[in-house]
Amino acid sequence: SYGFAFYSCCERFSVTDSYGEDLRHFFTIGGVNGVSRFGTVKGNTCRAMTDSFLDAHPAAEFITFDGNVGEHETNFDGDGLVYQGANGVITGNTIISANTAGILVQPFAYHTRNSIVIANNIVSRVETSSGYGILLDVRQRIDGLMISGNVIHSPVGFGISINAQGADIFQTTISANS
């Protein structure tokens, strides 16, 4: 089940100060009939998610995930927060327990000016000991990338990992992470 699902060309929306429990995704966006964009998901709390608590598919653009707290079941199949769209901002979120990656950013969406900001997030407890605090799996060009001020706790194989699948990354800043 889903808490909030926005599909097929939703624009200018926000999901704020809400609570979800025992869901597959608290929030998911994307679809096949157009791009959903200009959305903000802020200040939400989610418990006992069975998949990624925040999830943006490739058909998402200019989405901001800010100040959300998500906790997963101990037996689940998802990453903490997933962003596959273009021009994403992921700031101030707390991810408690994730399967393989606390934050997975995997830009699939084609856009000639794509930028990603991942800043001031906390990832605590990744269940797979060889997992990632933050995994950037680049599938399309990124013209601006900032990974800054993130804190990653407890067992992970890699704090921050960037894997470019034949795509270029420009204007990159990685600083002040711990």
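Below, the structure is looked at part by part. No experiment lies behind these values; they were computed from the predicted model shown.

Cut-offs and rules
- What you see as residue numbers is a count from 1 along each chain, following the sequence as written.
- This being a predicted model, a pLDDT of at least 70 is required before a residue's local features are given, and a value of 80 or more before pairs of side-chain atoms are given or counted; all residues contribute to the totals for chains, interfaces and linings.
- The side-chain quantities take in all heavy atoms of the structure and omit both hydrogens and water.
- For this document, the term salt bridge refers to a Lys or Arg side-chain nitrogen within 4 Å of an Asp or Glu carboxyl oxygen.
- Under the DSSP-based scheme used, a helix requires at least four consecutive residues in state H or I and a strand at least two consecutive residues in state E, with every element numbered from the N terminus.
- Using a 1.4 Å probe on the protein chains alone, a residue whose accessible area is under 20% of its type maximum counts as buried, one over 50% counts as exposed, and one in between counts as partly exposed.
- When DSSP finds two or more bridges between two strands, those strands count as paired.
- Only heavy atoms enter the contact rule, under which two residues are in contact if any of them lie within 4.5 Å.
- Fitting a line to C-alpha atoms yields each axis, with helices limited to the stretch in contact; the angle taken between N-to-C directions then spans 0 to 180 degrees.

1. Re the pattern of salt bridges
Charged atoms that come close allow side chains of opposite charge to pair.
So, point 1. Scanning all chains against the criterion turns up eight salt bridges.
So, point 2. Between Glu21 and Arg47 there is a salt bridge; the shortest N-O distance is 3.0 Å. Here Glu21, found in strand E3 (residues 19-21), pairs with Arg47, found in strand E6 (residues 45-49); they are 26 residues apart in sequence, far enough to count as distant.
So, point 3. Residue class for Glu21 comes out partly exposed when judged on its relative accessible area of 41%.
So, point 4. With a closest N to O distance of 3.9 Å, Glu71 and Arg47 form a salt bridge. With Glu71 in strand E9 (residues 69-72) and Arg47 in strand E6, the pair connects residues that are 24 residues apart, well separated along the chain.

2. Focus on the pairing of strand E8 (residues 60-66)
So, point 1. Pairing analysis gives six bridges linking strand E5 (residues 36-42) to E8, with the strands arranged parallel. From the neighbouring strand, Thr40 faces E8, where its bridge partner is Thr64.
So, point 2. Of the strand pairs in this sheet, E8 and strand E11 (residues 88-91) are connected by three bridges, and their pairing is parallel. Paired with Phe65 across the bridge in E11 is Ile90.

3. Here's the deal with the environment of Ser129
So, point 1. Along the polypeptide, Ser129 turns up in the loop between strand E15 (122-126) and strand E16 (132-138).
So, point 2. Sequence spacing of Ser129 and Gly157 is 28 residues, and the spatial spacing of their C-alpha atoms is 5.9 Å.
So, point 3. Aside from chain neighbours lying at most four places away, what touches Ser129 is Val156 and Gly157.

4. Focus: the environment of Ile29
So, point 1. Mapped onto the elements of the fold, Ile29 is located in strand E4 (residues 25-30).
So, point 2. Residues Ile29 and Phe4, spaced 25 residues apart in sequence, show a C-alpha to C-alpha distance of 8.4 Å.
So, point 3. Sequence-distant contacts of Ile29, defined by excluding residues within four places in its chain, comprise Phe6, Tyr7, Phe13, Ser36, Asp55, Ala56, His57, Ala60 and Ile63.

5. What to know about the sheet that holds E4
So, point 1. Pairing in this open sheet of seven strands is parallel, and the strands run E1-E4-E7-E10-E13-E16-E19 from one edge to the other. This sheet does not close on itself; its edge strands, each paired only once, are strand E1 (2-7) and strand E19 (158-164). The average undirected angle you get between the axes of adjacent strands in this sheet is 10°.
So, point 2. With four bridges connecting them, strand E13 (residues 101-105) and E16 associate as parallel partners. Of the residues in E16, the one forming a bridge with Ile103 is Ile134.

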